[in-house]
Structures are given as C-alpha cells and as structure tokens.
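Structure assessment
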Amino acid sequence: MQTPASVAERQRTWFRTGATREVAFRLEQLVKLREAVASREAAILEAVKQDLGRPAEEAYTSEVGIVLHEIDRARRHLAAWARPRKVRTPLVLFPASSWLHAEPYGSVLLIAPWNYPFQLAIAPLAAALAAGNCAVVKPSEAAPHTSRLVAEMIRATFDEAYVAAVEGGAPETQALLAQRFDYIFFTGGTQVGRIVMAAASKHLTPVTLELGGKNPCLVDRDADLGIAARRIAWGKFMNAGQTCIAPDFVLAHKAVKAELVQRLAAAVEKFYGKDPQASPDYGRIVNERHFERLAALLREGKAAVGGQSAKAQRYIAPTILEGVSWDSPLMQEEIFGPILPVLEFEDLDAAIQTLQARPKPLALYVFSNDRARQDEVVRRLSSGGACINDTFGQFLNLRLPFGGVGESGMGAYHGKAGFDTFSHSRGVVRRATWADPGTKYPPYRTPLAVLRRLISYLL
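Anyway, here's the lowdown on the structure attached to this text. (Residues numbered from 1 in each chain as written. Predicted model: local features only at pLDDT ≥ 70, side-chain atom pairs only at ≥ 80, totals over all residues. Heavy atoms only, no water.)

**Focus on the packing of helix α3 (residues 41-52) against helix α4 (residues 56-82)**
Relative placement of two packed helices is described by the angle separating their axes and the distance separating the axes. Viewed as axis vectors pointing N to C, α3 and α4 meet at an angle of 110°, and their least axial separation amounts to 9 Å. One way to sum up the angle between α3 and α4 is to call them roughly perpendicular. The hand of the α3/α4 crossing is right-handed. In this structure, α3 uses Glu 41, Ile 44, Leu 45 and Val 48 to contact α4, whose residues at the interface are Ala 56, Ala 59, Tyr 60, Glu 63 and Val 64. Of the residues belonging to the contact of α3 with α4, the class tally is seven nonpolar, no polar and two charged. (Axes fitted to C-alpha atoms, helices over the stretch in contact; angles between N-to-C directions. Helix = DSSP H or I, 4+ residues; strand = E, 2+ residues; numbered from the N terminus. Parallel < 35°, antiparallel > 145°, perpendicular 65-115°, else oblique. Left-handed = near helix turned anticlockwise from the far one by under 90°. Contact = heavy atoms within 4.5 Å. Nonpolar A, V, L, I, M, F, W, Y, C, P; charged D, E, K, R; others polar.)

**Focus: the sheet that holds strand β3 (residues 107-111)**
If you trace the six strands from one edge of the open sheet to the other, you get β5-β4-β3-β6-β7-β17, paired in mixed fashion. Each having just a single partner strand, β5 (163-165) and β17 (409-410) make up the two edges of the open sheet. Sheet topology places β3 next to strand β6 (residues 183-187); four bridges connect them, and they run parallel. Counted as the bridge partner of Leu 109 is Ile 184 from β6. Relative to the sheet, helix α5 (residues 119-130) contacts β3, β4 (134-138), β5 and β6, its axis offset from that of β3 by approximately 165°. (Pairing = 2+ DSSP bridges.)

**Here we look at the nonpolar core**
Of all hydrophobic cores here, the largest spans 124 residues; its most connected members are Val 37, Ile 122, Leu 125 and Val 219. Among all residues touching Leu 125, those that are not within four sequence positions of it are Leu 33, Leu 110, Ala 135, Val 137, Ile 154 and Val 163. The next biggest cluster of nonpolar side chains, apart from the first, holds 18 residues, and it includes Leu 109, Ile 111, Ala 199 and Leu 209. (Core = buried A, V, L, I, M, F, W, Y, C linked by side-chain atoms within 4.5 Å. Buried < 20%, exposed > 50% of the residue type's maximum accessible area, 1.4 Å probe, protein only.)

**Things to note about the environment of Ser 6**
Tracing the backbone shows Ser 6 in helix α1 (residues 4-15). A residue is classified by how much of its surface remains accessible, and Ser 6, at 26% relative accessible area, is partly exposed. Placed 155 residues apart in sequence, Ser 6 and Ala 161 show a C-alpha to C-alpha distance of 9.7 Å.

**Re the packing of aromatic side chains**
Tallied over the entire structure, the rule returns 18 aromatic pairs. Each ring, one from Trp 81 and one from Phe 419, has its centre 5.7 Å from the other, and the planes form 45°; the classification is tilted. Taken together, the positions of Trp 81 in helix α4 and Phe 419 in helix α15 (residues 415-421) put the pair 338 residues apart, joining distant regions of the chain. Of the two residues, Trp 81 and Phe 419, neither departs from the other in class, the shared state being buried. Summarising the aromatic geometry, the rings of Phe 271 and Tyr 272 are spaced 6.0 Å apart at their centres and angled 85° between planes, so their arrangement reads as edge-to-face. You can call Phe 271 partly exposed: its relative accessible area is 27%. Three or more aromatic residues joined by ring pairs form one cluster here, namely Tyr 105, Tyr 183, Phe 185, Phe 395, Phe 402, Tyr 413 and Phe 422. (Phe/Tyr/Trp six-rings, centres within 6.5 Å; stacked < 30°, edge-to-face > 60°.)

**So, the sheet that holds strand β18 (residues 423-431)**
If you trace the three strands from one edge of the open sheet to the other, you get β1-β2-β18, paired in antiparallel fashion. Two strands close off the open sheet at either side, each with one partner strand: β1 (85-87) and β18. Taking each pair of neighbouring strands and ignoring which way they run, the sheet shows an average axis angle of 30°. Here β1 runs beside strand β2 (residues 96-104); their pairing, made up of three bridges, is antiparallel. Within β2, the position partnered with Lys 86 by the bridge is Trp 99.

If you want it as structure tokens, here you go:
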C-alpha cells in the first residue's frame, strides 16, 4: 500500500500528462464508475444496513439511486459544461476574442462522513471526475463496512494514479491533510471542518466544506398541520435523525403547537408502529459514542413521544420533546439524532430575530400557507438552502446547488454546481496581430479629459 505522500505525488505526475482534460476520457470514466456502483447495489445496501441499520428502500434512494442520477446527469451534460464560453471583448482590446475555460484543478482530496457513507463519498467523486481531476477518496472509518466497500470498488475500477482510496481514522486523515492537494472537499462536522480548513491554508488549497448546523423548522399558525407533521417526521427520523439537513428543532406558533405535537406523534406511529424498535424501517445510531451522547440529551425536556433507548442495539426511539428552553443543552449544538425539540412562538418578527441571532444553518424549513409570511421568513433568515412546506426538497432537486453558508459550510455541489466547484474558471484572451494601435504605449499623449470620457466606452 502506498503512503499518502506517494499517492498524491503519483497523481500530480499523471495529471500533468493531460489525459483527464479530454471530455471523451472523462465520459469513459463516468461510465466505469456507474457500472461499478450498479453492479454492487446489493453489497452497498448490505454495508449500509450493517453500519446504520437502514432499510433497503431508504438505502437505495439515499445512497445508490441518487449517485446513479448524479453520474447520468453529468454524462448527459458534460460536453456542454466543459465547452469554452465566449464573453464580450472590450473595444480597448480590439481585435481580439475572449472566453471562459473550465479547467480541472489537478489532484483533489474528498473526505466523506459516516451518515450517508456511500453517497457522500461517490457523488463528489463523480463531480470531480467530470471536471477532469484525479482524486483521493477518504471514506469514514465510523462506517467500516461501507468504507471497505468504497475502497474495494475504487481499487477494482481505477488506477491509483487516477483515483485512489485511503482507509483509516484520524492519523490517516491527518497524513492526507499534510499533503499538497489542489482542492479539498470535506463533508462532516464543524469542528473537524475547522481543522481541515487550517490544514488547507498551509498550502493555500481551496476548499469546499459541507458541514451542518441547527436547522430550524418554523410552523406557522395557518400551516396544514397534517401535511406538516408527516413531512417533518419523515425528514427528521429518516436514518434515525443522522442527516445534516434534518430539522433540528421545530418552532411552532403557540396557537397550533399542541395539535402539531399530537399529529407528529400520530405520524411517528404510522411510520414505525407502536414499537419503533421492532420496525424494519427505522435505523440505528452509528456507534456507541454517538449513542451515549444522544442518550444524555433524552434527559432534557419532557418526552411527548418516545424517549426510550437500548444500548445493546444502539437504539434511540424517535422522540419529540416539549418543555425545552433556548438555554437547554439540546439547543446549543446540532443534535444529529432522532430527538426533536418543539418550541413555540407568538410573534413572527420576534421568532425571526431569535433565529437571526444564531449561526446560519445548512437548511431552513417553513410551513405556512401565507405566501407573504413564507417569503418574509426566507428573505430575513440566511441558510445554505431552504424549503417551504416540505423537508429535503432543496437537496433532492439536483438542479439546485447544495451547500452551506457561514458555520454551516462554504461552497456547493450537485449537477452543474459540482462541475463548477471542481473547475477553475479560467479567463483567456486571444489578440490578433494585424492591428496594434499605439495609444496605449508610452509616451502617453491622450489628455486626461479625453480618457475620462472614453474609458467606459473602451472597457
């Protein structure tokens, strides 16, 4: 097995051959990646079940199906995305032409998380390859079965000089971060994101950080509570709440809070039955450390639904908590588990001001049938993405860029946005030689009064 340093150097050397710059080569590699994923569908579903207890239907849509769609979309549009784009040339450069060229960075490092361990390793890889880069993929050691599968798939499909996989924990990640890559794409928590950005700064390496945050879900007094409850419960309790864009807490209008809690309880029972622990459709917490963290949070507030746990199975029941204050430990950091505090508000303006004082989240959800109040919430509250009257919609539309802002991250991907993230937009000007006006050269003879009048016309 090669060291991180040797892998990075080998990829830089191979990138300089120029092979990845050809669109035909990139399309061939995307076909190979798609075939590798499709042929391992059953193995992927089993690995995700072993790591997170996720049902096959949920695992397919969130790990396999979405990746195949990303690859197919890139293949379908790559020629257009990669085509140089002409831009207007100012008169001062006449005779000339100008264009933008999407240039690959080189060797990129992709660090994946454990919560969607296949999708969040391979979807960024597809974007990086479409843009013409080499890549090193670091899957998460916290999802060991999927990590092994990802590494095996990459090694069986690509030469390490083009795409490599490096397994391991913190020491291996630190060894990779010590190398000089041309771009780093990290998905994970804010604390580790700061470490990644600090390491990247030593080489002035550009980064995309896909982080998380406390995503608010505001339910207004005129919301359709039946629809809201189902869609919130689905978004919150999928993958046992271990989703970076899951609603972290609900802020419900005082007039509808009690009914909303009742409807949330009914939705949980309809989804997972009276005993969610026995449901084949409910996942498990990834490891004992995260289980202990979440079990401690269950002591906060009063459980209107759930509250049970079973350490041996890493089971935390889908839980809805009332009586939680803004000062509670639940409200200080991202919960990242199946615990949903429900707070209340009376005045929308005051609620918005309270949320404005908190770090910018990755996602914002608002349930309301009043278009003006919907727009006010979205306009006044910044977030990576937002969805009105549903959850996850801003992620599932792959034509929209997905990413954070502020403490929830920087940069974006999905579709064309992913291609752009892994491409340097390079401006190029080509001038002709048959004309070369002397007015720009010393000695300068054009009066300033004339230049002031002409400058906007010339540029």
